[in-house]
Amino acid sequence: MPETARSIARRPENRYGNRPTMKDVAARAGVGLKTVSRVVNGEPGVTPDTERRVQEAIDALGFRRNDSARVLRKGRTASIGLVLEDLADPFYGPLSRAVEEVSRAHGSLLINGSSAEDPDREQELALALCARRVDGLVIIPAGDDHRYLEPEIRAGVATVFVDRPAGGIDADVVLSDSFGGARDGVAHLIAHGHRRIGFIGDMPRIHTAAERLRGYRAAMEDAGIPVEATWMSLGVTDPVRVRRAAEEMLSGPDPVTAVFAGNNRVTVTVVRVLAEHARRVALVGFDDFELADLLQPGITVISQDPARMGRTAAERLFQQLDGSLLAPERIELPTRLIARGSGELPPED
C-alpha cells in the first residue's frame, strides 16, 4: 500500500463537531425518539425503568439538549449582544459584568465583542449578532450613524446605547454626565488657584470627549479665564500622543500649572509624565482607575459608575422586551468628584 494510502487509512476519525443527538440516545436505550423527547423535556408518560435506561444513555453519550429550536418556538433566543469599545479597557469590566448579571437574572446568555473604536467593525459586529437572532443589543457606539440598525429595531430587536448616544436614530441611551463632571473637575482646579489649565482628551468625534471639552470650556468661561489653543489637545489616547501633548503643555515660558485628563487612559500617561517632571503640577482625571488612591499624591478623579450604567441599560433593554416601554429615553447618571491630593496642589508660580 502506498505511504499516502496508509496515512489516510490511519487518520483518526474527527471527533469534534459531531455531537450526539436524540436519535443516538434512542438507539442506545432501545426506545423511540418520542420517548427520549419526553424524558429530556420532563414530560409524563414514561415508566421509571424506561426513564432510567434513557438517562443512562444520555449520560453515556454526553448528550445535551439543544435549546435553539425550543426558544425559537417562543420567538426568543434568550441571548443578548453587547458591543463594547475595547475589551481591554478596565472601565468596561464592571459595565459588562452588570449587563451579564441582569441578563442572567432574566434567563439570557450574554455575547460580547469589541469594536476597537472602529465604526465599520461596530456595524459588522452588531449585524452579526442580529443574524444570530439575539433578542437585544447593548451598544457602546464607535460611529455616529446607526441607521443601519433601523430594520433590526423594526423587526423587534431591543436596543440600548451606553456612554454615547446613537446617531441618526431615536433610541434609549444611558450616559454619565460628562459635561457636568468635567466642569466640576476644572472648577475644582480653579478653586485651588489655577488659571493655566490644560485639557487632554480623546478624539473629538467621540461624544464623551466633546462633552468633557465643553465642560472644561464652560468652567474656564465661568471663571473669566481665556483659554489658549495650546492648552487643549484631543486625539487618540495612545501613550505616545498623550505624552507629547503633556510635555508640550508643561514646557515653554508659560506652562500650564494643572492638567485635566479626559479619561483614565490619558490620566495614567499624564501621571507617568508628571513623575519625570521637576515642577509639581496639579492633576484631575475623568474616570477612576486602579491604584489611583495609592499614588503619592493620590489622584483626584471625576468618578463614574460603570456598573450602574450597565445595570440601568440592561434593565431598560428587558423592559423593552417585556413591552413595558413606549418611547426612547435619555438617562443621564451623575458623576462624583473624589479629592485625593493631586487636584488640590496649588500652583507653584
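Residues numbered from 1 in each chain as written. Predicted model: local features only at pLDDT ≥ 70, side-chain atom pairs only at ≥ 80, totals over all residues. Heavy atoms only, no water.

*Asks:* Please explain the pattern of salt bridges as it appears in this structure.
*Replies:* Counting across every chain of the model gives 18 salt bridges. Note that Arg52 and Asp49 form a salt bridge whose closest N and O atoms lie 2.5 Å from each other. Remark: Asp49 and Arg52 occur in helix α4 (residues 48–61); sequence separation between them is three residues, near one turn of the helix. With relative accessibility at 40%, the residue Arg52 sits in the partly exposed group. (Salt bridge = Lys/Arg side-chain N within 4 Å of Asp/Glu carboxyl O. Helix = DSSP H or I, 4+ residues; strand = E, 2+ residues; numbered from the N terminus. Buried < 20%, exposed > 50% of the residue type's maximum accessible area, 1.4 Å probe, protein only.)

*Asks:* Help me out: how do you make sense of the nonpolar core in this one?
*Replies:* Taken as a class, soluble globular proteins show a tendency for nonpolar side chains to be buried jointly. Core analysis: the largest hydrophobic core is formed by 40 residues, its most contacted members being Val186, Ile197, Ile200, Tyr216, Met220, Phe260 and Val270. Those elements that place two or more of their residues in this core are α9 (178–191), β6 (197–201), α10 (207–222), α11 (239–249), β8 (258–261), α12 (264–275), β9 (282–286) and β10 (300–303). If sequence neighbours within four positions are ignored, Val186 has contacts with Ile197, Tyr216, Ala219, Met220 and Phe260. Counting 23 residues, the second largest nonpolar core, distinct from the first, contains Ala158, Val160, Leu321 and Leu333. (Core = buried A, V, L, I, M, F, W, Y, C linked by side-chain atoms within 4.5 Å. Contact = heavy atoms within 4.5 Å.)

*Asks:* I would appreciate a short explanation of the pairing of β6 in the present structure.
*Replies:* The two faces of a sheet get side chains in turn, since along a regular strand they alternate between them. Among the five residues in β6, five count as buried, and that is most of the element. Every second residue of β6 is oriented toward a common face, with Ile197, Phe199 and Gly201 on one face and Gly198 and Ile200 on the other, all of them buried. Of the strand pairs in this sheet, β6 and β8 are connected by four bridges, and their pairing is parallel. Residue pairing in the sheet places Gly198 in a bridge with Val259 of β8. Taking the sense of rotation as the criterion, the β-α-β connection linking β6, α10 and strand β7 (residues 232–234) turns out right-handed. (Pairing = 2+ DSSP bridges. Right-handed = clockwise from strand over helix to strand, strands pointing away.)

*Asks:* Would you mind going over helix α13 (residues 306–322) with me for this structure?
*Replies:* Residue pairs spaced three or four apart in an α-helix point in one direction, given the helix's 3.6 residues per turn. For α13, which comprises 17 residues, the first-to-last C-alpha distance of 24 Å matches the rise-based estimate of 24 Å (1.5 Å per residue) to within 8%. Listing the buried residues of α13 in full gives Pro306, Met309, Gly310, Thr312, Ala313, Ala314, Arg316, Leu317, Phe318 and Leu321. Summarising the contacts, the buried residues of α13 are in contact with β1 (79–84), α6 (92–105), β3 (136–139), β4 (158–162), β5 (172–176) and β11 (330–333). (Expected span 1.5 Å × (residues − 1).)

*Asks:* Teacher, can you tell me more about the pairing of β11 here?
*Replies:* Every second residue of β11 is oriented toward a common face, the buried set being Ile331 and Leu333 and the non-buried set Arg330 and Glu332. Bridge count between β5 and β11: four bridges; the pairing is parallel. Pairing of Ser176 across the sheet is with Leu333, part of β11.

*Asks:* I would appreciate a short explanation of unusual backbone geometry in the present structure.
*Replies:* Among all residues except glycine, the phi angle is most often negative; among peptide bonds, the trans geometry is most common. Across the junction of Gln296 and Pro297, the peptide omega takes the value -5 degrees, indicating a cis bond. You can see Pro297 is positioned in the loop between β9 and β10. Phi at Asp287 takes a positive value of approximately 95 degrees, unusual for a residue other than glycine. Using a relative accessible area of 6% as the deciding quantity, one classes Asp287 as buried.

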